[in-house]
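Here is what each chain is made of, one letter per residue.
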Amino acid sequence: MRNGGEIGIIGLAVMGQNLALNFARHGFRVCVYNRTPERTEGFLRDRVRDEPIIPAYTLEEFVRCLERPRRILLMVQAGSAVDQVIEALLPLLEPGDLVMDGGNSHYADTERRMQNLAAHGIRFLGVGISGGEKGALLGPSIMPGGSAEAYAMVEHMFIRIAAQSEEGPCCAYMGRGGAGHYVKMVHNAIEYAFMQGIAEAYDFMKTALGMPVEAIAETFERWNEGALNAFLTELAARVLRYRDPESGDPLVERIMDRAEQKGTGRWAAQSALELGVPAPTLTVAVIARTLSYFKTDRERIGAGFPWPDQRLGPFSEGVLADLEAALNLMLLAAFSQGLWLLHEASRVYSYGTDRAEVLRVWRAGCIIRARWLGFLREIVREDPEDPHLLFSARFRAELQQRLPAAGRVLRWAFEAGVPMPALSTAVDYVLSMRRSRLPANLIQAQRDAFGAHTYERIDRPGVFHTEWLD
Ligand code: 6PG
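Residues numbered from 1 in each chain as written. Predicted model: local features only at pLDDT ≥ 70, side-chain atom pairs only at ≥ 80, totals over all residues. Heavy atoms only, no water.

(A) Local environment of empty space enclosed by the protein. Evaluation of the coordinates by the stated rule reveals 1 cavity of 30 Å³ or more. Here the largest cavity defines a volume of roughly 40 Å³. Around the largest cavity sit Gly197, Glu200, Ala201, Leu323, Ala326, Leu327, Met330, Met420 and Leu423, which together line it. Mapped by element, the contributors of at least two residues to the lining of the largest cavity are α8 (179-208) and α14 (317-348). Here the element with the most residues in the lining of the largest cavity is α14; it accounts for 4 residues. (1 Å grid on protein atoms, 1.4 Å probe; cavity = no way out; pocket = protein on both sides within 12 Å on 5 of 7 lines; lining within 4 Å. Points joined across faces, edges and corners; volume = space filled by probe spheres on them. Helix = DSSP H or I, 4+ residues; strand = E, 2+ residues; numbered from the N terminus.)

In structure tokens, the structure reads:
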């Protein structure tokens, strides 16, 4: 059909609306559909001006509105809603059509949907999209996964609407099967860790150093000029600067200290455990959110658990420099865990993910965009088959130079009663990964002693058992 929609979007919550506008402003004809017609009407009335956006009020109309083979992007809530929409669409589609899921779906669901649709000759892509509302409108980071042929149907469109960085458009093929959603899930796990690290630095400055919120904001602003330059560093400063219009106080201080989560961080931690990849910093960031949720329990326990909670007294700029170094170390550890996880997932699930491309796609548009990404990409490109950033001398040097500072921060934090789980696990991770000998020998001995689980020796090959208690 001539002049039909080049892409269709189902689901007009803010992300769907903004993506529709982004496609249309790049000259693509977009058909839109939402389950409730009021939202479609509101979108057209309030936000659409001259853009080539064509509304449809039934799925039949929507499907007719599109050029063939059709390209349909689902922007509905992850979970059963995706299955419901696919089920309703399926009888209306034809072989060769392409359905894409742009939500934060679980990679295993994506694989399942891909296989089900393939049986009907329908193509399917799991598309990680990052950047929030603004990103969707002005340039997101896009992580599509599935068959390369399916990706070829939309590549020219995604590349146009994606964020642009010095290293090219922030969209690339992430690999087969559920790779797109897997990569997005790892992105989110790093997002959780980075946010947790930032929150810990804020707590340290506030509780251990007694700094006012303004000064903390200023510190994040300064850090944003250096190695920690990143969207989340800048955002922390901006959020800390925001004042509650009613009270005039920093709004952040009036926000309930219970962090929500929608599941992607937890899935990453679960996947890491399943694949046997140690990702302590990513995992602890999820645990910290869960722990934060037990506000009343914490209040009750804290009331019966006195601790000095002492301020560190007058502090020098050196303390802040140490904290900055510690946060950098935490972030590098989180990236190294996330990239190891991606390497292993790509191997086990045969994704064929190119991690240098992942890092390039994360360079702009997404929530974890950061100055470090250019450096990390260089490291990965030096030897793309290395699972570890830690195999690189340049990467190790960045950690090594920051380790003493991170250790000092942890000691001060302990004195002041400030928990720093992300930083602690990052330091433990680095210390563990550099040890050729860990105390796991004693664990093996005990396992064998109480359960005859056997052990290996370092001085000769074989599997051994000892009657330890005779
Ligand atoms: C992004 C974000 C986005 C979403 C997170 C928040 O990349 O744009 O990651 O996808 O805001 O999923 O997740 P939580 O609600 O779990 O914090």
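(B) Geometry of the nonpolar core. Within the largest apolar cluster, 93 residues are counted, with the highest numbers of intra-cluster contacts made by Tyr182, Met205, Phe220 and Trp362. Of the residues forming this core, the biggest block, 17 residues, is contributed by α14. Shared between two domains, this core holds at least three residues of each, these being domain 1 (7-177) and domain 2 (184-433). Aside from chain neighbours lying at most four places away, what touches tyrosine 182 is Tyr107, Ser271, Leu275, Leu341, Leu342, Ala345, Tyr349 and Tyr351. Among the nonpolar cores identified, the runner-up in size contains 32 residues, and Ile9, Met75, Ile129 and Ala150 belong to it. (Core = buried A, V, L, I, M, F, W, Y, C linked by side-chain atoms within 4.5 Å. Buried < 20%, exposed > 50% of the residue type's maximum accessible area, 1.4 Å probe, protein only. Domains from an automatic or database assignment. Contact = heavy atoms within 4.5 Å.)

(C) Representation of the side chain of histidine 187 within the structure. Note on placement: histidine 187 falls in helix α8. Residue classification places histidine 187 among the buried positions, given a relative accessible area of 0%. Looking at histidine 187, its side chain comes within polar contact range of the side chain of serine 130, at 3.2 Å. Not counting residues up to four positions away in its chain, the partners in contact with histidine 187 are Ser130, Trp362, Cys366, Ile367 and Ile368. (Polar contact = N/O pair within 3.5 Å; in protein donor to acceptor, adjacent residues only side chain to side chain.)

(D) Region of the structure containing the side chain of arginine 355. Structurally, arginine 355 can be placed in helix α15 (residues 355-361). An unpaired buried charge is present at arginine 355: no salt bridge exists, and aspartate 354, the closest side chain of opposite charge, is 7.0 Å distant. Among the polar contacts listed, one links the side chain of arginine 355 to the backbone oxygen of proline 384, at a separation of 3.4 Å. Not counting the four nearest positions on each side in its chain, arginine 355 is found in contact with Leu339, Trp340, Leu342, His343, Val380, Pro384, Asp386 and Pro387. (Lys, Arg positive; Asp, Glu negative; His and termini not counted. Salt bridge = Lys/Arg side-chain N within 4 Å of Asp/Glu carboxyl O.)

(E) Region of interest: the packing of aromatic side chains. Following the criterion strictly, the structure yields 15 aromatic pairs and no others. Pairing phenylalanine 23 with phenylalanine 28 gives two aromatic rings, centres 6.3 Å apart and planes at 75°, and the pair type is edge-to-face. The same class applies to phenylalanine 23 and to phenylalanine 28, which are both buried. Geometrically, the ring pair formed by tyrosine 182 and tyrosine 351 is tilted, given 5.8 Å between the ring centres and 55° between the ring planes. Highlighted residues: tyrosine 182 in helix α8 and tyrosine 351 in the loop between α14 and α15, separated in sequence by 169 residues. For tyrosine 182, a relative accessible area of 0% translates into the label buried. One aromatic cluster in this structure is built from Tyr107, Tyr182, Tyr349 and Tyr351. Above the face of the tyrosine 293 ring, arginine 258 is positioned so that its terminal group lies 5.1 Å from the ring centre. (Phe/Tyr/Trp six-rings, centres within 6.5 Å; stacked < 30°, edge-to-face > 60°. Lys NZ or Arg CZ within 6 Å of the ring centre and 35° of its normal.)

(F) Structural view of the site of the ligand. Surrounding the ligand, one finds 13 residues, the nearest of these being Ser130, Lys184, Glu191, Tyr192 and Arg289. Between the ligand and the protein, one listed contact pairs an oxygen atom with a backbone N or O atom of glycine 131 at 3.0 Å. At 2.7 Å, a side-chain N or O of arginine 289 approaches an oxygen atom of the ligand. Considering the ligand on its own, with 410 Å² of exposed area, one finds that the protein chains cover 80% of that surface. Here the shell around the ligand gets 5 residues from one element, more than from any other, and that element is α8. Residues belonging to the shell around the ligand are distributed by class as follows: 2 nonpolar, 7 polar and 4 charged. Here the shell around the ligand spans two domains, since at least three of its residues come from each of domain 1 (7-177) and domain 2 (184-433). (Near = heavy atom within 4 Å. Areas by Shrake-Rupley, 256 points an atom, 1.4 Å probe, with all protein chains shown as cover. Nonpolar A, V, L, I, M, F, W, Y, C, P; charged D, E, K, R; others polar.)

(G) Quick peek at the UniProt feature "binding site: substrate" (unreviewed entry) in the chain. Under the UniProt annotation, the feature "binding site: substrate" (unreviewed entry) is placed at Asn104, Ser130, Gly131, Gly132, His187, Asn188, Tyr192, Lys262, Arg289, Arg447 and His453. The named residues occupy 350 residues along the chain; their greatest pairwise C-alpha distance, 49.4 Å, places them well apart from one another. Tracing the backbone through its elements, the reader meets asparagine 104 in the loop between β5 (98-101) and α5 (107-118). For asparagine 104, the contacting residues outside a window of four places in its chain are Ala78, Lys184, Asn188, Thr264 and Trp267. A polar contact of 2.7 Å, which involves the side chain of asparagine 104, links it to the side chain of lysine 184. (UniProt positions renumbered as here; feature names shortened; annotations may be inferred.)

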